[in-house]
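Remarks on the overall topology
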Amino acid sequence: MSCLLFKLQFETPVHFGPPDSALSLYASEETFCADTLFSALCHTALSLHGPEGVETLCRWVQERKLLLSDAMPWADDLLYLPKPCAAARQAQEVDARIRKLVKKTRWVPVAAFDAFAESLAGGEPYDPTEYPVSFGHHF
């Protein structure tokens, strides 16, 4: 199976928000879920190819010819993954500032994922300040 990675970059403001915020622009997110992408693809297939286009798209998904993932952020050439929900195997003495930053971290760069995993296993503490994260701004 071939895998493709699409780096989306928007030239105008867009709004991604949780389903319960449909009436409010005050809640927004940095990414969107796979079901949101699938819905947009279905809408586009319907607009371009009619009901047959949606049926074809759904068949591809059912036959596992098309698999989608949630969107994940990127900055410059760095791709990010969600921070794993895992506890360290052993307690370590870590600077309080670093510990708080790691606690607030939502995304870990792919390039630093091994270092993050090693820190959970008792290795050198992961330092999120090496990879400053800015994926845009909410307004």
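Small disclaimer: the values here were computed from a predicted structure and weren't measured.

**As for the layout of surface pockets**
Here the second largest pocket is characterised by a volume of approximately 410 Å³. Residue lining of the second largest pocket: 18 residues in total, with A88, V94, R99, V102 and L120 positioned closest to the centre. Among the elements of the structure, α2 (96-104) and α3 (113-120) are those that each provide at least two residues to the lining of the second largest pocket. Of the residues forming the lining of the second largest pocket, the biggest block, four residues, is contributed by α2. Its residues placed into classes, the lining of the second largest pocket shows 12 nonpolar, three polar and three charged.

**Notes on α3**
Restricting attention to buried positions, one finds in α3 the residues F116, S119 and L120. The arc enclosing the buried residues of α3, seen along the axis, measures out at 105°, which places them on a common side. Counted as exposed and oriented over 90 degrees from the buried face of α3: D114 and E118. Buried residues along α3 sit in contact with α2 and β3 (107-109).

Here is what the cut-offs are and how they apply
- Residues numbered from 1 in each chain as written.
- Predicted model: local features only at pLDDT ≥ 70, side-chain atom pairs only at ≥ 80, totals over all residues.
- Heavy atoms only, no water.
- 1 Å grid on protein atoms, 1.4 Å probe; cavity = no way out; pocket = protein on both sides within 12 Å on 5 of 7 lines; lining within 4 Å.
- Points joined across faces, edges and corners; volume = space filled by probe spheres on them.
- Helix = DSSP H or I, 4+ residues; strand = E, 2+ residues; numbered from the N terminus.
- Nonpolar A, V, L, I, M, F, W, Y, C, P; charged D, E, K, R; others polar.
- Buried < 20%, exposed > 50% of the residue type's maximum accessible area, 1.4 Å probe, protein only.
- Arc of directions from axis to C-beta.
- Contact = heavy atoms within 4.5 Å.

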